[in-house]
Amino acid sequence: MTGYGQFCAVARALEVLGERWTLLIVRELLLGAATYTDLRRGLPRIPRATLAARLRALTGAGVVEATGGGYRLTAAGAALAPTVQGLAAWATGAGRLPLADEHLDTAALTWDIQRRVDVAALPERTVVVAVEFTDRTVDRHHWLHLARTGVNLCREDTGAPVDVWLAAPLRAATRWWLGELTWAGFLRQPSVRVHGDPALVRRMPHWFLGYLLRADDDAATKSGRG
């Protein structure tokens, strides 16, 4: 017997969703991931074999379905959105789960940032933002190419002229993204520096929508917009 052997609906749900990484795969699909590569970038620490196994299990359970070269949630999978949101709210609310060093990941953070850009708020021309995580030796530098037609995240310098430079410790940047710090509060953190085109620097906090699963609905206030 691989399940819990209980009639309880919670036990039966956990037989499908309780394996490590499973609900995070659902989270990624809810947030717009559509391909295996998208899932890998959103979950940079998941072993490839584990991702493949979890996708097979979710597909077999009717939570995920394969598309032409990708994956998407079924109606049953999409119905998990309130569950995922509730877990996030519990972690930052009643659960009071602290942000530990082991939770900090430059790849996961920058991937989440690039998919939460308000492209309508961007200037008419492409803007390049160079991000440096000052306390990291691995994955220290990232570049965001922001345009109204789309956003690209690069881990290598393409040689494109940089408009804005952002340098910050990873913890401070993560706390801002989660909504624990306003933009103004983020800029007051030790070792945080932002410089470049003055007009773009002033508009920069308006480009980013912040962590989607934050408990506080006032995302504009928390991200420093307005």
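Parameters and conventions
- Residues numbered from 1 in each chain as written.
- Predicted model: local features only at pLDDT ≥ 70, side-chain atom pairs only at ≥ 80, totals over all residues.
- Heavy atoms only, no water.
- Helix = DSSP H or I, 4+ residues; strand = E, 2+ residues; numbered from the N terminus.
- Expected span 1.5 Å × (residues − 1).
- Buried < 20%, exposed > 50% of the residue type's maximum accessible area, 1.4 Å probe, protein only.
- Arc of directions from axis to C-beta.
- Contact = heavy atoms within 4.5 Å.
- Salt bridge = Lys/Arg side-chain N within 4 Å of Asp/Glu carboxyl O.
- Pairing = 2+ DSSP bridges.
- Axes fitted to C-alpha atoms, helices over the stretch in contact; angles between N-to-C directions.

A.B. asks: What is the right way to look at helix α6 (residues 81-92) in this model?
C.D. replies: In an α-helix, one turn spans 3.6 residues, which is why side chains three or four residues apart end up on the same side. Compared with the 16 Å implied by 1.5 Å per residue over 12 residues, the 17 Å span of α6 between its first and last C-alpha is a close match. All buried positions along α6 are accounted for by V84, A88 and A91. Projection of α6 onto a plane perpendicular to its axis shows the buried side chains occupying an angular sector of 65°, all on one side. As for α6, its buried residues are in contact with α2 (22-30).

A.B. asks: Would you mind going over the pattern of salt bridges with me for this structure?
C.D. replies: Pairs can form between side chains of opposite charge whenever their charged atoms are close. Throughout the structure, instances matching the rule amount to 12 salt bridges. The residue E28 makes a salt bridge to R115 at a minimum N-O spacing of 2.7 Å. Of this pair, E28 sits in helix α2 while R115 sits in the loop between α7 (106-114) and β3 (127-133); the two residues are 87 residues apart in sequence, bridging distant segments of the chain. Classification of E28 as buried rests on a relative accessible area of 0%. One salt bridge in this structure joins E132 and R140, with 2.8 Å as the shortest N-O distance. For R140, a relative accessible area of 25% puts it in the partly exposed group. Counted as one network, the salt bridges with shared partners bring together R27, E28, D112 and R115.

A.B. asks: Explanation requested: the sheet that holds strand β7 (residues 193-196) in the structure shown.
C.D. replies: Hydrogen bonds along the backbone pair up the strands of a sheet, which may run parallel or antiparallel. What the 5 strands build is an open sheet, ordered β5-β4-β3-β6-β7; its pairing is mixed. Looking at strand neighbours, the two that pair on one side only are β5 (150-154) and β7, the edges of this open sheet. Ignoring which end each strand starts from, the neighbouring axes of this sheet average 15° apart. Where β3 meets strand β4 (residues 141-147), 6 bridges bridge the pair, whose relative direction is antiparallel. The partner of V129 across the bridge, within β4, is L144.

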